[in-house]
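Overview (structure and organization)
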Amino acid sequence: MTQTIQAIRGMHDILPERIALWQTLEDRARAVLEGYGYQEIRTPLVEMTDLFERSIGEVTDIVEKEMYSFADRNGDRLSLRPEGTASCVRAAVEHGLLATPHRLWYRGPMFRHERPQQGRYRQFHQIGVEVFGLPGPDIDQEVVLLTRRLWHTLGLGKLRLEINSLGESDERAVYRHELVSYLEGHRERLDEDSLRRLHSNPLRVLDSKNPDLEPVIAEAPRITDYLGEASREHFAGFRAGLDAAGIDYVINPRLVRGLDYYNRTVFEWITDALGTQGTVCAGGRYDTLVARLGGRPTPAVGFALGVERLVALLASAPPPVTPGPDAYLIAVGDGPRTQALSIAETLRDARPDLRLICHCGGGSFKSQFKKADRSGARYALVLGEDEAARGVVGVKPLRAQGEQTEVALDQLSDFFTARC
Ligand code: HAM
C-alpha cells in the first residue's frame with residue numbers, strides 16, 4: 001500500500017469544523033482595528049535572514065535556534081518570517097511610510113522551529129499592529145485599549161495584563177552590569193541555559209521557567225530601579241492612562257520579552273486557562289529599530305496576538321451556533337440538473353448574501369433530500385421535471401413545520417427577501 005504523507009510536525013491543518021472560530025476572531029479583530037483607524041499591510045512570508053538577525057537580535061532563541069533559514073538558488077540567505085515586526089519596519093522604510101504617523105495591522109502565518117506542544121507550534125498565526133511616528137505613552141495606552149476591546153467583543157474575560165518598562169539602552173547597560181554581577185554571585189544555582197545566557201543575554205535569565213531558579217530571580221535587581229527620568233515619566237504616563245481607562249494590570253519587573261528590539265513599555269496579556277503557553281498577546285515599544293534598519297529615527301510601538309491560543313480559548317467557551325445555509329437546491333432528472341446551477345446563479349445575482357448550496361453529484365430525490373436536511377438548511381428547494389416545465393420550484397421548510405409550497409422562479413428572490 002502507498003504510504004500516506006502527513007503534515008509537518010508542529011504545522012497544522014485548520015479543518016472546516018474549526019474554521020468558524022478562526023473567522024469569528026479574524027472578523028472581530030479586523031472590525032476593531034479598522035474602527036481605530038489601523039490600515040492593513042501584507043508583506044512576504046520570506047525575507048532576507050539579515051533582517052531578522054539585525055532586528056530580533058543575534059543572541060536570541062529565535063535567531064539562534066528557531067528560524068527556518070535556507071540559501072536561495074542564487075545563494076541569498078533567506079528565512080521564513082518568525083514574526084511580523086521586522087517585515088513591517090522594512091516595508092515602512094522601503095516604501096517611505098515614515099514621513100507621517102502610520103497605524104498598520106497585519107495577519108498571517110509565522111514560523112519558528114520550537115519544540116511543539118499544546119499552544120506552541122512551528123507554523124502559527126499572528127494578528128499584529130505596528131504604529132510608527134508617535135513617541136508618547138498615549139499610543140502605548142491606545143494599543144492596550146484596542147486589545148481590551150477585542151477581548152470584550154470576543155467575550156473573553158479573565159485575561160491578566162502584565163506590564164514593565166525596559167528603559168533605554170544606556171539604562172539597560174547599567175542594569176545589565178548589576179544583574180550580571182548579582183547572577184555571578186549565584187553561579188552555582190544557575191542551570192545550563194542561564195549560564196549560557198549569563199553574558200550573552202542576561203536579561204533573558206529572568207524569563208527562565210525553571211522553578212529551581214525562582215528564589216534567585218526573585219531577589220535579582222529590578223530594571224525599574226534603573227530607569228532614567230524620561231523613561232520613568234513615560235512609564236508613569238502609560239500607567240496613568242491605564243488607570244484612567246479602568247484597566248487592571250500587574251507590574252512585572254521580570255517581563256523582559258524574547259526579542260531584543262524593545263525599549264521602555266512592554267506588555268503581555270496572559271490567561272491561566274491554557275497551561276504553560278498562556279501568553280495570548282504581547283508587544284511593546286521599539287524606538288530604535290527603524291533607524292537600525294536604515295530608516296530615519298522613528299518611534300514605534302506594536303503587539304501581536306497568537307491566533308491559535310485565542311482560538312483555543314474561544315473553543316473552551318460555549319460553541320457559537322454556526323448557522324446552516326438558507327437554502328439547499330435539489331434537482332432530479334437530467335433537464336432540471338442542468339438548469340439548477342443557472343437558477344442558483346440567478347438567485348445569487350439577486351441576493352449575493354444568501355447562503356445557498358446547489359446539490360451536485362446526482363442521486364435520487366430521497367438521498368438529495370437527506371443531504372439537504374443534514375446541511376442544516378432552512379429550506380429545501382425542489383426542482384423536478386414537472387416543476388422545471390412549469391417554471392416553479394417546490395419550497396419545503398426544513399427547520400419549522402409547514403407544507404411544501406410552490407414559488408415561481410422569477411419570484412424566488414422576493415420569497416427569500418421576505419424571509420432571510
Ligand atoms: P512574540 O511574543 O514572539 O512577539 O509573539 C507574540 C504572540 O504570538 C505570543 O504572545 C503568542 O501568543 C504567539 N506565539 C509566539 N510564538 C508562538 C508559537 N510558537 N506557537 C503559537 N503561538 C505563538 C512578537 O512576535 C512581536 N513581533 C510582537 C510585537 C509586535 N512587538 C511589537 N510589535
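Each remark here, short or long, concerns the structure printed above.
Let me sum up the structure you'll find in this document.

What counts and how
- Residues numbered from 1 in each chain as written.
- Predicted model: local features only at pLDDT ≥ 70, side-chain atom pairs only at ≥ 80, totals over all residues.
- Heavy atoms only, no water.
- Buried < 20%, exposed > 50% of the residue type's maximum accessible area, 1.4 Å probe, protein only.
- Helix = DSSP H or I, 4+ residues; strand = E, 2+ residues; numbered from the N terminus.
- Pairing = 2+ DSSP bridges.
- Near = heavy atom within 4 Å.
- Polar contact = N/O pair within 3.5 Å; in protein donor to acceptor, adjacent residues only side chain to side chain.
- Nonpolar A, V, L, I, M, F, W, Y, C, P; charged D, E, K, R; others polar.
- Contact = heavy atoms within 4.5 Å.
- Salt bridge = Lys/Arg side-chain N within 4 Å of Asp/Glu carboxyl O.
- Expected span 1.5 Å × (residues − 1).
- Bend = angle between axes of the 7 residues up to and from the residue.
- Axes fitted to C-alpha atoms, helices over the stretch in contact; angles between N-to-C directions.
- Left-handed = near helix turned anticlockwise from the far one by under 90°.

1. A short note on the pairing of strand β6 (residues 123-132)
- Counting buried residues in β6 gives nine out of 10 residues, a clear majority hidden from the surface.
- The sheet contact formed by β6 and strand β11 (residues 300-306) spans seven bridges and is antiparallel. Among the inter-strand pairings, Glu130 is bridged to a residue of β11, identified as Gly302.

2. Things to note about the site of the ligand
- Close to the ligand lie 26 residues; Glu83, Thr85, Glu114, Glu130 and Tyr262 are nearest.
- At 2.7 Å from a nitrogen atom of the ligand is found a side-chain nitrogen or oxygen belonging to Glu114.
- The contact in question runs from a nitrogen atom of the ligand to an N or O atom on the side chain of Glu130, over 2.8 Å.
- Listed by contribution, the elements that provide at least two residues to the shell around the ligand are β6, β10 (279-285) and β11.
- The biggest single contributor to the shell around the ligand is β10, with six residues.
- Residues of the shell around the ligand, tallied by class, amount to 11 nonpolar, eight polar and seven charged.

3. Thoughts on the environment of Ala388
- On the secondary structure map, Ala388 appears in helix α14 (residues 385-390).
- Ala388 sits 153 residues away from Phe235 along the chain, and the two C-alpha atoms are 72 Å apart.
- If we skip the residues at most four places from it in the chain, Ala388 touches Pro336, Gln339 and Leu383.

4. Brief notes about the pattern of salt bridges
- Taken as a whole and assessed by the stated rule, the structure comprises 29 salt bridges.
- We note a salt bridge from Asp373 to Arg399, for which the minimum N-O separation is 3.2 Å. A residue pair is termed long-range when its members are at least 10 positions apart, and Asp373 in helix α13 (residues 365-374) and Arg399 in the loop between β15 (392-397) and β16 (405-408) qualify at 26 residues.
- Using a relative accessible area of 37% as the deciding quantity, one classes Asp373 as partly exposed.

5. Re helix α12 (residues 334-350)
- With 17 residues, α12 extends 25 Å between its outermost C-alpha atoms, agreeing within 8% with the 24 Å of an ideal straight helix rising 1.5 Å per residue.
- Of all the bends found along α12, the most pronounced is centred on Ala340 and spans about 30°.
- Residues of α12 that are buried make contact with β12 (327-331), β13 (356-358), β14 (379-383), α14 and α15 (412-419).

6. Things to note about the packing of helix α6 (residues 169-184) against helix α7 (residues 192-200)
- At a closest axis distance of 10 Å, the pairing of α6 and α7 adopts a crossing angle of 145°. Our pair here, α6 against α7, has a crossing hand that is left-handed. Contacts between α6 and α7 involve Arg176, Val180, Leu183 and Glu184 from the former and Leu198, His199 and Ser200 from the latter.
- By residue class, the composition of the contact of α6 with α7 is three nonpolar, two polar and two charged.

Purely geometric numbers; function is a separate question.
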